[in-house]
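Report on the structure
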Amino acid sequence: MDDGFVAHVSRWRAALLVFGALVFVAGGVFVVQTKGLNDPRALVTGWLGALFFGACALVGARQLFRSGPVMEIDARGILWRRWSDERIPWSAIVRAEAMSLRRQRFLALWLQDPEQYRSTHLLGRVAGVNKSMGFGDIALSVSGTDRSFADLVAAIERYAPESHFEA
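Residues numbered from 1 in each chain as written. Predicted model: local features only at pLDDT ≥ 70, side-chain atom pairs only at ≥ 80, totals over all residues. Heavy atoms only, no water.

Here we come to the pairing of strand S5 (residues 93-101). Direction of pairing for S5 relative to strand S6 (residues 104-111): antiparallel, over a ladder of eight bridges. Directly across from Glu97, in S6, lies its bridge partner Ala108. Between S5 and S6, which follow one another and run antiparallel, lie two residues, and Arg102 among them has a positive phi close to 55 degrees. (Pairing = 2+ DSSP bridges. Helix = DSSP H or I, 4+ residues; strand = E, 2+ residues; numbered from the N terminus.)

What follows is the structure, given as structure tokens:
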């Protein structure tokens, strides 16, 4: 039986994210304690940094305890649980293209009817920004998983109808 492409959370990457975020939280608190009493900008910057990176640490910690696959690609289509819990069939995907922004690589998907496959998670809130920059309706990323971008591209090349994919 062909299980297709399956990606899980990379525990060590999630742990690294949590550790890095906590270092920045500590940095924000340090700024507040050392400069915040005399400089209102340092006070605001320190607290905003501590809050933002504290939220990042929570997201990373949540990933540490996530079980099951994050992404599945097979003959039926694509299931990306960071987007929604609904599989997107190949018939709903018009085009897939490998793209990058700075050093971050991702696979942009254009859907026949984007409203039919709306995100039920946080990623959906930034999808409009991605689309306005020409990155399709959904930008698939293997960031934070145990699979590589090359693995993702190979799976798309294997399962997507030939007319769908642009390397």
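To continue, consider the packing of aromatic side chains. Using the criterion set out here, one finds two aromatic pairs in the structure. Residues Phe24 and Phe53 carry aromatic rings whose centres are separated by 4.6 Å and whose planes lie at 20 degrees to one another, so their mutual orientation is stacked. In this pair, Phe24 sits in helix H1 (residues 11-35) while Phe53 sits in helix H2 (residues 40-64), placing the two residues 29 residues apart along the sequence. Classification of Phe53 as partly exposed rests on a relative accessible area of 25%. (Phe/Tyr/Trp six-rings, centres within 6.5 Å; stacked < 30°, edge-to-face > 60°. Buried < 20%, exposed > 50% of the residue type's maximum accessible area, 1.4 Å probe, protein only.)

Tallied over the full model, the rule gives seven salt bridges. Its salt-bridge partner being Arg81, residue Glu72 comes within 3.2 Å of it at the nearest N-O pair. Accessibility expressed as a relative area gives 23% for Arg81, which makes it partly exposed. The partner of Arg87 in a salt bridge is Glu72, with the nearest N and O atoms 3.2 Å apart. Linking Arg87 in the loop between strand S3 (77-80) and strand S4 (88-89) with Glu72 in strand S2 (residues 71-74), this pair joins segments that are 15 residues apart in sequence. A residue is classified by how much of its surface remains accessible, and Glu72, at 16% relative accessible area, is buried. (Salt bridge = Lys/Arg side-chain N within 4 Å of Asp/Glu carboxyl O.)

Turning our eyes to something else, we now look at the packing of H1 against H2. Running from N to C, H1 and H2 cross one another at 160 degrees; their axes reach a closest spacing of 7 Å. With respect to their mutual orientation, H1 and H2 come out roughly antiparallel. Considering the relative orientation of H1 and H2, their crossing is left-handed. The residue makeup of the contact of H1 with H2, split by class, is 20 nonpolar, five polar and two charged. (Axes fitted to C-alpha atoms, helices over the stretch in contact; angles between N-to-C directions. Parallel < 35°, antiparallel > 145°, perpendicular 65-115°, else oblique. Left-handed = near helix turned anticlockwise from the far one by under 90°. Nonpolar A, V, L, I, M, F, W, Y, C, P; charged D, E, K, R; others polar.)

Below, the discussion takes up the side chain of Ser141. One can find Ser141 in the loop between strand S7 (138-140) and helix H4 (149-159). Within the structure, the side chain of Ser141 is placed 3.1 Å from the side chain of Gln104, a separation counted as a polar contact. Reaching out from Ser141, the side chain makes a polar contact with the backbone nitrogen of Ser143 at a distance of 3.1 Å. Residue contacts for Ser141: discarding those within four places in its chain leaves Met71, Trp80, Arg82, Gln104 and Arg105. (Polar contact = N/O pair within 3.5 Å; in protein donor to acceptor, adjacent residues only side chain to side chain. Contact = heavy atoms within 4.5 Å.)

The next point concerns a nonpolar patch on the surface. Together, Trp12, Leu16, Phe19 and Val23 make up a nonpolar patch on the protein surface, roughly 480 Å² of accessible area in all. For Trp12, the location among the structural elements is in helix H1. (Patch = residues over 30% accessible without salt bridge, like charges linked within 9 Å, V, L, I, M, F, W, Y side chains within 5 Å. Areas by Shrake-Rupley, 256 points an atom, 1.4 Å probe, with all protein chains shown as cover.)

This part takes up the sheet that holds S4. Backbone-to-backbone hydrogen bonds pair the strands of a sheet. The strands run either parallel or antiparallel. Read from one edge of the open sheet, four strands run S1-S2-S3-S4, paired in antiparallel fashion. Two strands bound the open sheet, and with one partner strand each, they are strand S1 (5-7) and S4. H4 contacts S1, S2 and S3 of the sheet and is inclined by roughly 35 degrees relative to S2.

Here the structure, examined in full by the defined rule, presents one cavity of 30 Å³ or more. Looking at the largest cavity, its volume works out to about 40 Å³. Residue lining of the largest cavity: Ile78, Trp80, Trp83, Ser84, Glu86, Ile88, Leu109, Ile138 and Leu140, and that is the complete set. Of all the secondary-structure elements, those providing two or more residues to the lining of the largest cavity are S3 and S7. Split by residue class, the lining of the largest cavity holds seven nonpolar, one polar and one charged. (1 Å grid on protein atoms, 1.4 Å probe; cavity = no way out; pocket = protein on both sides within 12 Å on 5 of 7 lines; lining within 4 Å. Points joined across faces, edges and corners; volume = space filled by probe spheres on them.)

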